[in-house]
Number of protein chains: 2
Amino acid sequence: MEPLKVGLIGLGTVASGVAAVLTKNSREITRRITRTPIIEKVFVRSLERDNPYNLDLTTSIADITDNPDIDVVIELIGGIEPALTYIKTALNNGKSVITANKELIALHGNELLQLAQEKGVFLRFEASVAGGLPILKLLREGLAANEIDTVMGIINGTSNYILTEMSHKGVNFDQCLKEAQAHGYAEADPTFDIKGIDAAHKLTILAATAFGTPLNFEDMHIEGIDTITAEDIAITQAEGYTIKHLGIARKSKQGIELRVHPTLLAKEHQLAQVDGVLNGVYVVGNAVGEQFYSGRGAGSEATASAVIADLIEIIHNNDCRHSAPALGFLEENLQSIPTLPTKSFSSRYYLAFNYLNEITGESIAEALKTVLLEAGVTAEKIKVYDQYQQVILFLEKTVQENVENIINNAMLIKGIEDSKFIRVE
Amino acid sequence: MEPLKVGLIGLGTVASGVAAVLTKNSREITRRITRTPIIEKVFVRSLERDNPYNLDLTTSIADITDNPDIDVVIELIGGIEPALTYIKTALNNGKSVITANKELIALHGNELLQLAQEKGVFLRFEASVAGGLPILKLLREGLAANEIDTVMGIINGTSNYILTEMSHKGVNFDQCLKEAQAHGYAEADPTFDIKGIDAAHKLTILAATAFGTPLNFEDMHIEGIDTITAEDIAITQAEGYTIKHLGIARKSKQGIELRVHPTLLAKEHQLAQVDGVLNGVYVVGNAVGEQFYSGRGAGSEATASAVIADLIEIIHNNDCRHSAPALGFLEENLQSIPTLPTKSFSSRYYLAFNYLNEITGESIAEALKTVLLEAGVTAEKIKVYDQYQQVILFLEKTVQENVENIINNAMLIKGIEDSKFIRVE
């Protein structure tokens, strides 16, 4: 049968991985499918560059998006523009599109999915979440019989690497960030990773796929890891916990919680053991119960694995009308669900209060007990960490509004300088 | 659009789960697909039975397999006959078939897959391995870009439940088996589970899907958990290990190892933490690296989740020629790979030698060192467990032939009564 001609947009880390994996696994991949994928052309900004796979490079995007010879376009440049324009042009020209661009899908996925449907072509983005872990296929197809109520995961490798290093070495955030940058695990501008924005993009895609809603980035509650100190880690480790940056999407009768933030996990929790640049995702479905998946969340060939899996699926299925829809639910059956406000987030909570040198921790702890009594919230534990001048609390399950009230009242206690809270799963 | 009419063969635990999940999740499932699945008829041995979902029961198999109204047949009675005949009849009559029957697929899958292909219909069996964990879809589609070299997993919940109970409570095998039977976690005749045969059926399916080979049960090396004693568990726990019953399929340039046996895992290993009736599978692909998945390996609704996922896929894809092949590779491209003999299995090994009361463990250990020296194999550790009258060894990575020679020579040492070895991963 005739080959399937692919146009690549970009030739960075992931795109090079696509070329590498298609080359090294060509024999195994060809055994699976009736059409062999061939990289027909690659759009790059400059022709003056390494080209180890001897690909046909072009600096004209029309050679990809308007090229009648090309069947499938793979966008791997990231960011909103010009990627958005390129993808729209390709879809409008009747080409199926594969992308690893989580930001673009989280923010513009709804219009792109609609356009793809109008044009009767595929839009696939497995590589946009959790690298090589086929989490979208799992939610969309593998668990399709379930009503899913929870997706919770470590979905940003940079944050997880930094938190893991902070935990293992006891060093502070700034130092770990610098090391991560030196090792290539964090970008020169690490804002998207350490502020939780990248994880929020991915959680947007996970939530829509799990619950069958339109993509909804706007309502996401986002916190990063840049507020976590070496002291937070030392104290919570002593209490038997690991701090992980989690994305959590949870559905209840009231609506959905969409949130990305540092979280305390008991050391025995499966997600607590997902270290370094690994990703891990925990899913609860009402037929299968709890499932857990982990694997490399980034990297050239791991991410390429997801891109090529999408390509193989497009070759197999051939017609997007005879394929699972991109979010697992028919476009016309996607249903918005109200997003719950931050103050209603319900979980256990860890609170830490810094006090002045001249005050005793015991007196602070006593005063905090009175505040809790007034709030009607029970602490599972109150403990003084003299060496850090901190009193810490673990609150039983409650809503965040109560926690904020407790902190507001606690800040009136003489001698308390500072406070923070971290949610506990 | 017209509904998709399903005929169920059997109305046991899993079939009841299929009816339950299709009922309770009908709204969510209907949002995914263009045709609504309806259970048209159910084949049972006797009409005198509970029928909580008010299904249309029949005692005539022709009402299912020869019924022109039925589009998809779901076989859930297990065993070889009459399931084999029923499925062949259904396929011959142009019906797609879904089954959870691992024994049947492991032993007769090759001919059934060929028949399904000839007839142009689907044959799907996600529920045959690891219950609700979509491990076949993962291997077949999610990781399709990879050359996979290792699949290793806990794929028999009964064995894992018994080993977990033995580890936690320190009791012996017979007592745990009786408790498992009392709790419904082991069958009245537990042979298939405790002798490793059920795991071997599942590994046969996993290996064919991972490597793109025909199903090959005949060459499987099979050991069960019935040789594991409370003492084995106590000693290896003291050494930092957990005993798990694993299925291992591993490909190298020489061929494939297909083996099912008790295995020592360091306590920190992800699979060591898969407890009770859970299943866990670890996969290594040459693009994604290591991935790990866990979830419920059995149970009515968890297994039904996999059956219905297959059904939803059939509805989406509509035509089996425009779908991933059942084993992930085109039928005509399946390739046999030589299976390596047991004596060439390469791993670290744990050896335990029981000695007579009147002999000292130290003298046995000294004699064993001489045996090792002659064999040219290095022990990472030799240790005397006086209280159990055992000397234990951990051997560095070697082939099983060497281990068997060492044991043969060790058995000539005066005072050694008995020996065993367990592979270490």
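As the structure is a computational prediction, the values presented were derived from the model and not from experiment. (Residues numbered from 1 in each chain as written. Chains lettered and ligands numbered in written order. Predicted model: local features only at pLDDT ≥ 70, side-chain atom pairs only at ≥ 80, totals over all residues. Heavy atoms only, no water.)

Asker: Even after reading the chapter, I still don't get the pattern of salt bridges, so can you show me in this structure?
Answerer: The final tally for this structure, using the stated rule, is 60 salt bridges over all chains. Between B:Arg140 and B:Glu313 there is a salt bridge; the shortest N-O distance is 3.1 Å. Of this pair, B:Arg140 sits in helix H6 (residues 135–142) while B:Glu313 sits in helix H12 (residues 300–317), and the two are 173 residues apart along the sequence. One continuous salt-bridge network, built from bridges that share partners, spans A:Arg124, A:Lys137, A:Arg140, A:Glu141, A:Glu313, B:Arg124, B:Lys137, B:Arg140, B:Glu141 and B:Glu313. (Salt bridge = Lys/Arg side-chain N within 4 Å of Asp/Glu carboxyl O. Helix = DSSP H or I, 4+ residues; strand = E, 2+ residues; numbered from the N terminus.)

Asker: It is not clear to me how the sheet that holds strand E6 (residues 123–124) of chain A should be interpreted in this structure. Could you clarify?
Answerer: Backbone hydrogen bonds hold the strands of a sheet together, and the pairing may be parallel or antiparallel. Residue and element names in this part refer to chain A. Sheet architecture is open: 6 strands sit in the order E3-E2-E1-E4-E5-E6, paired in parallel fashion. Each edge of the open sheet is held by one strand with a lone partner, namely strand E3 (57–58) and E6. By the bridge criterion, 6 bridges tie strand E1 (residues 4–9) to strand E2 (residues 37–43) in an arrangement that is parallel. Pairing of Leu4 across the sheet is with Pro37, part of E2. Where helix H12 (residues 300–317) meets the sheet, it contacts E1, E2, strand E4 (72–75), strand E5 (96–99) and E6, and its direction lies at approximately 160° from that of E5. (Pairing = 2+ DSSP bridges. Contact = heavy atoms within 4.5 Å. Axes fitted to C-alpha atoms, helices over the stretch in contact; angles between N-to-C directions.)

Asker: For this particular structure, what's the right way to read the UniProt feature "active site" (unreviewed entry) in chain A?
Answerer: All names here are of chain A. The UniProt record marks Lys202 with the feature "active site" (unreviewed entry), using the residue numbering of this structure. Secondary-structure assignment places Lys202 in helix H10 (residues 197–211). Take Lys202: its relative accessible area is 6%, and that puts it in the buried class. Excluding residues that lie within four positions of it along the chain, Lys202 makes contacts with Lys102, Ser128, Val129, Ile155 and Asn156. At 2.7 Å, the side chain of Lys202 and the side chain of Asp198 are in polar contact. (UniProt positions renumbered as here; feature names shortened; annotations may be inferred. Buried < 20%, exposed > 50% of the residue type's maximum accessible area, 1.4 Å probe, protein only. Polar contact = N/O pair within 3.5 Å; in protein donor to acceptor, adjacent residues only side chain to side chain.)

Asker: Quick question: what am I supposed to make of empty space enclosed by the protein here?
Answerer: Remark: the empty space left among the atoms is shown by a probe the size of a water molecule rolled over them. Per the counting criterion, the structure on display carries 2 cavities of 30 Å³ or more. Reported here for the largest cavity is a volume of approximately 70 Å³. Where the lining of the largest cavity is concerned, the elements lending two or more residues are helix H6 (135–142) and H12 of chain A together with H6 and H12 of chain B. With 3 residues, H12(B) is the single largest residue contributor to the lining of the largest cavity. Looking at the lining of the largest cavity, its residues break down into 2 nonpolar, 4 polar and 6 charged. Size it by volume and the second largest cavity reaches roughly 30 Å³. For the second largest cavity, the full set of lining residues is A:Glu141, A:Ala144, B:Lys137, B:Ala309, B:Ile312, B:Glu313 and B:His316. (1 Å grid on protein atoms, 1.4 Å probe; cavity = no way out; pocket = protein on both sides within 12 Å on 5 of 7 lines; lining within 4 Å. Points joined across faces, edges and corners; volume = space filled by probe spheres on them. Nonpolar A, V, L, I, M, F, W, Y, C, P; charged D, E, K, R; others polar.)

Asker: For this particular structure, what's the right way to read the nonpolar core?
Answerer: If you look at soluble globular proteins, the nonpolar side chains tend to sit buried side by side. If you look at the biggest cluster of nonpolar residues, it comprises 114 residues, and the most contacted ones within it are A:Ile135 and B:Ile135. Look past the residues within four positions of A:Ile135 in its chain and what remains in contact with it is A:Glu126, A:Val129, A:Ala130, A:Leu206, A:Val281, A:Val283 and A:Tyr293. (Core = buried A, V, L, I, M, F, W, Y, C linked by side-chain atoms within 4.5 Å.)

Asker: Sorry if this is basic, but what is going on with the pairing of strand E11 (residues 278–285) of chain B here?
Answerer: All names here are of chain B. With 7 of 8 residues buried, E11 lies mostly within the body of the structure. Across 6 bridges, strand E7 (residues 148–154) lies against E11 in antiparallel orientation. The partner of Gly153 across the bridge, within E11, is Val281. As paired strands, E11 and strand E12 (residues 289–296) are joined by 8 bridges and run antiparallel to one another. Bridge pairing links Val281 to Tyr293 in E12. What sits between the antiparallel neighbours E11 and E12 is a turn of 3 residues.

Asker: Looking at this structure, I do not really get the interface of chain A and chain B. What am I missing?
Answerer: Often, the extent of an interface is quoted as the loss of accessible area on bringing the components together. Listed per partner, the contact involves 62 residues of chain A and 62 residues of chain B. Between chain A and chain B, a total of about 4,900 Å² is buried, with carbon and sulfur atoms accounting for 45% of that surface. Contact with chain B buries area across many residues of chain A, yet A:Arg31, A:Arg32 and A:Ala145 alone supply 16% of it, more than any other trio. On the surface where chain A and chain B come into contact, there are 4 salt bridges. (Buried area = accessible area lost by both parts, 1.4 Å probe.)

Asker: What is the right way to look at the relation of the copies chain A and chain B in this model?
Answerer: Superposition of chain A onto chain B requires a rotation of 180° combined with a translation of 0.0 Å along the rotation axis, giving an RMSD of 0.0 Å. Those values place the two copies in the arrangement expected of a two-fold rotation axis. Relative to the rotation axis, the C-alpha of A:Tyr293 is the closest in chain A, positioned 2.2 Å from it. (Least-squares fit on C-alpha atoms with pLDDT ≥ 70 in both.)

Asker: Help me understand the domain arrangement of chain A, please; the structure alone is not making it clear to me.
Answerer: Residues and elements named next belong to chain A. Taken domain by domain, chain A consists of domain 1 (4–135 + 300–333), domain 2 (149–295) and domain 3 (342–424). Using C-alpha coordinates to define each centre, domain 1 is positioned 27 Å away from domain 2. Contacts between the two partners involve 17 residues from domain 1, matched on the other side by 22 residues from domain 2. For the pair domain 1 and domain 2, the summed buried area comes to about 1,600 Å², and 74% of that belongs to carbon and sulfur atoms. (Domains from an automatic or database assignment.)

Asker: It is not clear to me how the packing of aromatic side chains should be interpreted in this structure. Could you clarify?
Answerer: The geometry of an aromatic ring pair comes down to the distance between the two centres and the angle between the two planes. The tally for this structure, following the rule as stated, stands at 14 aromatic pairs over all chains. The rings of A:Tyr241, A:Tyr350 and A:Phe394 are connected pair by pair, giving a single aromatic cluster. Of note, A:Arg259 hangs over the ring of A:Phe345, and the distance from its end group to the ring centre comes to 4.6 Å. Note that B:Arg32 overlies the ring of A:Phe329, its terminal NZ or CZ placed 4.0 Å from the centroid. (Phe/Tyr/Trp six-rings, centres within 6.5 Å; stacked < 30°, edge-to-face > 60°. Lys NZ or Arg CZ within 6 Å of the ring centre and 35° of its normal.)

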